[in-house]
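Next come the chains, spelled out residue by residue.
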Amino acid sequence: MATNARRWAATASITGILLAGSAAPARAAGPVNWTMAPCVTVEAMQPGVMLEFNWLYNTVEGTVSQCGPVVEAGGFRVATYSPNEATGYAPGYNVRLFASTAVGEVSHFGMAALPTEEGEFGLCVLAGDNERVGCYRAVVTEGESTYEDVLYPLPTDDPLVDKDVVTSPYTGARGPALGVGNGPRPACGTCF
């Protein structure tokens, strides 16, 4: 077996093992009932686990807290903005819900939000009526074996992110579905 084939087989085996332990529970076919939290404070966002080149996204990790007023089944989402696109994109798999209606509840998250391609991208936590409440500039560079990202705080009205956002419904998924959208593999075995 050629070296590249062995590497691919090992990567596929390890990926299968990792993803089997992180699979989301089965859900109904329709979207999950939830509401955007009216008030969210972004505590931090940083690069997540560095994924290998054959993955579609790098993850980001962050911490947000819920402030008043609160709603039942409240949540937030993260949008990604490309400098050469007229809108941002906030897929349904990048929605996270708060566990309760407690003011001050903290949510730690991981999301598949950065493409594995060189460039500068905007990332924003959205709350309320898809309002940007905390944004970052992500600089993605090609490293030796991964795409590496560095995040810098960014004003919510910076031209990189001061755009409308396209959203998709939340179904409870924690990452991109297998074979849907951008390729044959799931892209976020480390999202939570």
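Residues numbered from 1 in each chain as written. Predicted model: local features only at pLDDT ≥ 70, side-chain atom pairs only at ≥ 80, totals over all residues. Heavy atoms only, no water.

**Student:** What is the right way to look at the sheet that holds strand β3 (residues 57-66) in this model?
**Tutor:** In any sheet, the strands associate via hydrogen bonds between backbone groups, in a parallel or an antiparallel arrangement. Spatial ordering of the open sheet is given by β2-β3-β7, a layout of three strands whose pairing is antiparallel. In the strand order of this sheet, the two ends are held by β2 (40-47) and β7 (106-115), each with one partner. Across the sheet, the axes of successive neighbouring strands diverge by a mean angle of 25°, strand direction being ignored. When β2 meets β3, the two strands line up antiparallel, connected through seven bridges. Paired with Val40 across the strands is Gln66, a residue of β3. (Pairing = 2+ DSSP bridges. Helix = DSSP H or I, 4+ residues; strand = E, 2+ residues; numbered from the N terminus. Axes fitted to C-alpha atoms, helices over the stretch in contact; angles between N-to-C directions.)

**Student:** Where do I start with the pairing of β3 in this structure?
**Tutor:** The side chains of a regular strand alternate between both faces of the sheet. Counting buried residues along β3, nine of its ten residues qualify, which places the element largely inside the surrounding structure. The pairing of β3 with β7 spans nine bridges and is antiparallel. Paired with Thr63 across the two strands is His108, which belongs to β7. (Buried < 20%, exposed > 50% of the residue type's maximum accessible area, 1.4 Å probe, protein only.)

**Student:** It is not clear to me how the environment of Leu160 should be interpreted in this structure. Could you clarify?
**Tutor:** Mapped onto the elements of the fold, Leu160 is located in the loop between β10 (147-154) and β11 (165-167). Expressed as a C-alpha distance, the spacing of Leu160 and Gly122, which sit 38 residues apart in the sequence, is 6.1 Å. If we skip the residues at most four places from it in the chain, Leu160 touches Tyr81, Ser82, Pro83, Phe121, Gly122, Arg137 and Leu154. (Contact = heavy atoms within 4.5 Å.)

**Student:** Would you take a moment to explain the environment of Thr87 for this structure?
**Tutor:** Tracing the sequence through the fold places Thr87 in the loop between β4 (74-81) and β5 (88-90). Look at Thr87 and you get partly exposed, because its relative accessible area is 34%. For Thr87 and Asp162, which are 75 residues apart along the polypeptide, the C-alpha to C-alpha distance reads 8.8 Å. Apart from the residues lying within four places of it in its own chain, the contact partners of Thr87 are Lys163, Asp164 and Val166.

**Student:** Whenever I open this one, the packing of aromatic side chains confuses me. Can you help?
**Tutor:** The geometry of two aromatic rings is summed up by the distance between their centres and the angle between their planes. Summed over all chains, the structure comprises three aromatic pairs. Taking the centre distance of 5.6 Å and the plane angle of 50° together, the rings of Phe76 and Phe98 count as tilted. Of the two residues, Phe76 sits in strand β4 while Phe98 sits in the loop between β6 (95-97) and β7, which places them 22 residues apart along the sequence. The exposure class assigned to Phe76 is buried, which follows from its relative accessible area of 0%. Looking at Phe98, the relative accessible area reads 6%, which means it is buried. In this structure an aromatic cluster arises from ring pairing among Phe76, Phe98 and Phe109. (Phe/Tyr/Trp six-rings, centres within 6.5 Å; stacked < 30°, edge-to-face > 60°.)

**Student:** Would you take a moment to explain unusual backbone geometry for this structure?
**Tutor:** Excluding glycine, most residues fall at negative phi; most peptide bonds, likewise, are trans. For the bond running from Gly68 to Pro69, omega is 5°, close enough to zero to count as cis. Within the element layout of this structure, Pro69 appears in the loop between β3 and β4. With a phi close to 55°, Ala73 is a non-glycine residue in the positive phi region. With respect to the helices, strands and loops of the structure, Ala73 is situated in the loop between β3 and β4.

**Student:** Before we go on, may I ask you to explain the state of the cysteines in this structure?
**Tutor:** By definition, a disulfide links the sulfur atoms of two cysteine residues through a covalent bond. On inspection of all chains with the given rule, the structure shows two disulfides. Disulfide pairing places Cys39 opposite Cys67 at an S-S distance of 1.9 Å. Since a negative S-S torsion denotes a left-handed disulfide, the Cys39-Cys67 link at about -95° is left-handed. Separated by 28 residues along the polypeptide, Cys39 in the loop between β1 (35-36) and β2 and Cys67 in the loop between β3 and β4 bring together distant segments of the chain. With a sulfur-sulfur separation of 2.1 Å, Cys124 is cross-linked through a disulfide to Cys135. (Disulfide = S-S within 2.5 Å.)

**Student:** Which parts of the structure should I look at to understand the side chain of Asn94?
**Tutor:** Relative to the helices and strands, Asn94 is located in the loop between β5 and β6. A relative accessible area of 0% means that Asn94 is categorised as buried. At a separation of 3.0 Å, a polar atom in the side chain of Asn94 contacts the main-chain carbonyl oxygen of Ala112. Ignoring sequence-local partners within four residues, the contact set of Asn94 consists of Phe76, Arg77, Val78, Met111, Ala112 and Ala113. (Polar contact = N/O pair within 3.5 Å; in protein donor to acceptor, adjacent residues only side chain to side chain.)

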